[in-house]
Amino acid sequence: MHTFLGQAARHIFGHHARAHPSDRAVLDRICVVLPTRRSVFFFKQALATQSDEPFLAPDVVAIDDFIQQTCELEPIDPVSLLFEAYDIFKAVDPRVEFDRFTGWATTMLADFDRIDQYLLDAKAVLGYVSEAKALERWSPGGHPATAPSSPATERYFLLFDHLYRVYSALRDRLTQTNRAYRGLAYRVLADHVEPLLLTNPKYDHFYFVGWNALSASEE
């Protein structure tokens, strides 16, 4: 099999399948991590062709499953995450209305996800957004914008002042209940590599196969 996954399967099998029983570096002591569940399926097929005899296969998992299993946090579904975020935002700003909140909450939560996946300083990033929105209230000449202020516009700008508080509270609530959105799970594992991954007694070797354009947490 001359595909990339076929070559990877042959390489891993050749290095570990015939190890002496006293050597712990055998196939069932290995974890292979791939980008998608589809690639997991084809890698397993390729690995099965490496021998005519039965053998104990390594664990082969997609990265999202690997992250969730290793950091021991349950993934939260998008609808539950939306309601958790609204509950927190409502505590920060009782005037926020659910129908308006759902109009921009998806973008906010996607930003939170990217902040965590790329290990960014959330306070700095969200503080910058708040300051950028504050500048919109002023004209380039340094004078207040000509459009009259109103309670609606004031509430609009106030939303951005709350972003970091909401991010922090949401992260704390989820981790305290052993839940996480995707980016948060990646960040938790990246911040705790030694206890969660490197000292894992189940595996002697990890293979990360088929990766490119890594985020900071994946690196």
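Structural data are supplied above this passage.
Structure report, in brief. Only a predicted model underlies this, so the values are computations on that prediction, with no experimental measurement involved. (Residues numbered from 1 in each chain as written. Predicted model: local features only at pLDDT ≥ 70, side-chain atom pairs only at ≥ 80, totals over all residues. Heavy atoms only, no water.)

## Quick look at the overall build of the protein chain
From N to C terminus, the protein chain includes 10 helices and 5 strands. Per-residue burial for the protein chain yields a buried fraction of 37% across its 219 residues. Restricting to contacts in the protein chain with at least 6 residues of sequence separation, those with at least 24 account for 72%. Carbon and sulfur atoms make up 57% of the accessible area of the protein chain, which amounts to about 13200 Å² in all. (Helix = DSSP H or I, 4+ residues; strand = E, 2+ residues; numbered from the N terminus. Buried < 20%, exposed > 50% of the residue type's maximum accessible area, 1.4 Å probe, protein only. Contact = heavy atoms within 4.5 Å. Areas by Shrake-Rupley, 256 points an atom, 1.4 Å probe, with all protein chains shown as cover.)

## Describing the packing of aromatic side chains
Given two aromatic rings, their pairing is described by the distance between the two centres and the angle made by the two planes. Scanning the model with the defined rule gives 13 aromatic pairs in all. Where Phe 66 meets Phe 206, the ring centres are 6.0 Å apart and the plane angle is 70°; that geometry is what we call edge-to-face. Of this pair, Phe 66 sits in helix H3 (residues 63-71) while Phe 206 sits in strand S5 (residues 205-208); the two residues are 140 residues apart in sequence, bridging distant segments of the chain. Residue classification places Phe 66 among the buried residues on the basis of a relative accessible area of 4%. Ring centres of Tyr 164 and Tyr 167 lie 6.2 Å apart, and the angle between their planes is 25°; this geometry places the pair in the stacked category. Of this pair, Tyr 164 and Tyr 167 both sit in helix H8 (residues 163-176), separated by 3 residues, roughly a single helical turn. For Tyr 164, a relative accessible area of 33% corresponds to the partly exposed category. Put simply, the rings of Phe 83, Tyr 86, Phe 89, Phe 98, Phe 101 and Trp 104 pair up and form one aromatic cluster. (Phe/Tyr/Trp six-rings, centres within 6.5 Å; stacked < 30°, edge-to-face > 60°.)

## Digging into the layout of surface pockets
Empty space within the largest pocket amounts to approximately 300 Å³. Taken together, 16 residues make up the lining of the largest pocket; nearest its centre are Leu 197, Phe 208, Ser 217, Glu 218 and Glu 219. Residue assignment for the lining of the largest pocket shows that the elements contributing at least two residues are H3, helix H9 (182-191) and helix H10 (193-198). For the lining of the largest pocket, the residue count by class is 13 nonpolar, 1 polar and 2 charged. (1 Å grid on protein atoms, 1.4 Å probe; cavity = no way out; pocket = protein on both sides within 12 Å on 5 of 7 lines; lining within 4 Å. Points joined across faces, edges and corners; volume = space filled by probe spheres on them. Nonpolar A, V, L, I, M, F, W, Y, C, P; charged D, E, K, R; others polar.)

## What about the pairing of strand S1 (residues 30-34)?
Burial within S1 is extensive, with 5 of its 5 residues counted as buried. Neither face of S1 is left uncovered, since the one carrying Ile 30, Val 32 and Leu 34 and the one carrying Cys 31 and Val 33 both have all their residues buried. Across 4 bridges, the pairing between S1 and strand S2 (residues 59-62) is parallel. Directly across from Val 32, in S2, lies its bridge partner Val 60. What joins S1 to S2 is helix H2 (residues 37-48), and the crossover it makes is right-handed. (Pairing = 2+ DSSP bridges. Right-handed = clockwise from strand over helix to strand, strands pointing away.)

## So, the packing of H3 against H9
Relative to each other, H3 and H9 sit at 60°, their axes nearing to 9 Å. Accordingly, the angle class assigned to the pair H3 and H9 is oblique. For H3 against H9, the interelement crossing comes out left-handed. Across from Ile 63, Asp 64, Phe 66, Ile 67, Gln 68, Thr 70 and Cys 71 in H3, the residues of H9 making contact are Arg 182, Ala 185, Tyr 186, Val 188 and Leu 189. Broken down by class, the residue content of the contact of H3 with H9 amounts to 8 nonpolar, 2 polar and 2 charged. (Axes fitted to C-alpha atoms, helices over the stretch in contact; angles between N-to-C directions. Parallel < 35°, antiparallel > 145°, perpendicular 65-115°, else oblique. Left-handed = near helix turned anticlockwise from the far one by under 90°.)

## Let's talk about unusual backbone geometry
Residue Asn 178 is not a glycine yet carries a positive backbone phi of 55°. For Asn 178, a relative accessible area of 46% puts it in the partly exposed group. Positive phi outside glycine occurs at Ala 213, with the angle close to 50°. Of note, Ala 213 is situated in the segment after S5. In this structure Ala 213 comes out as exposed when scored by relative accessible area, which is 73%.

## Structural notes on helix H4 (residues 78-92)
Turn by turn, an α-helix covers 3.6 residues, leaving residues three or four places apart pointing in a common direction. Along its 15 residues, H4 runs 21 Å from first to last C-alpha, staying within 8% of the 21 Å computed at 1.5 Å per residue. Taken as a whole, H4 has its buried residues at Leu 81, Leu 82, Glu 84, Ala 85, Tyr 86, Ile 88, Phe 89 and Val 92. Capping the start of H4, Asp 77 holds a side-chain oxygen 3.1 Å from the backbone nitrogen of Val 79, two or three residues further along. (Expected span 1.5 Å × (residues − 1). Polar contact = N/O pair within 3.5 Å; in protein donor to acceptor, adjacent residues only side chain to side chain.)

## A short note on the environment of Lys 44
By the secondary structure assignment, Lys 44 is in helix H2. Taking C-alpha positions, Lys 44 is 9.1 Å from Leu 5, a pair spaced 39 residues apart along the chain.

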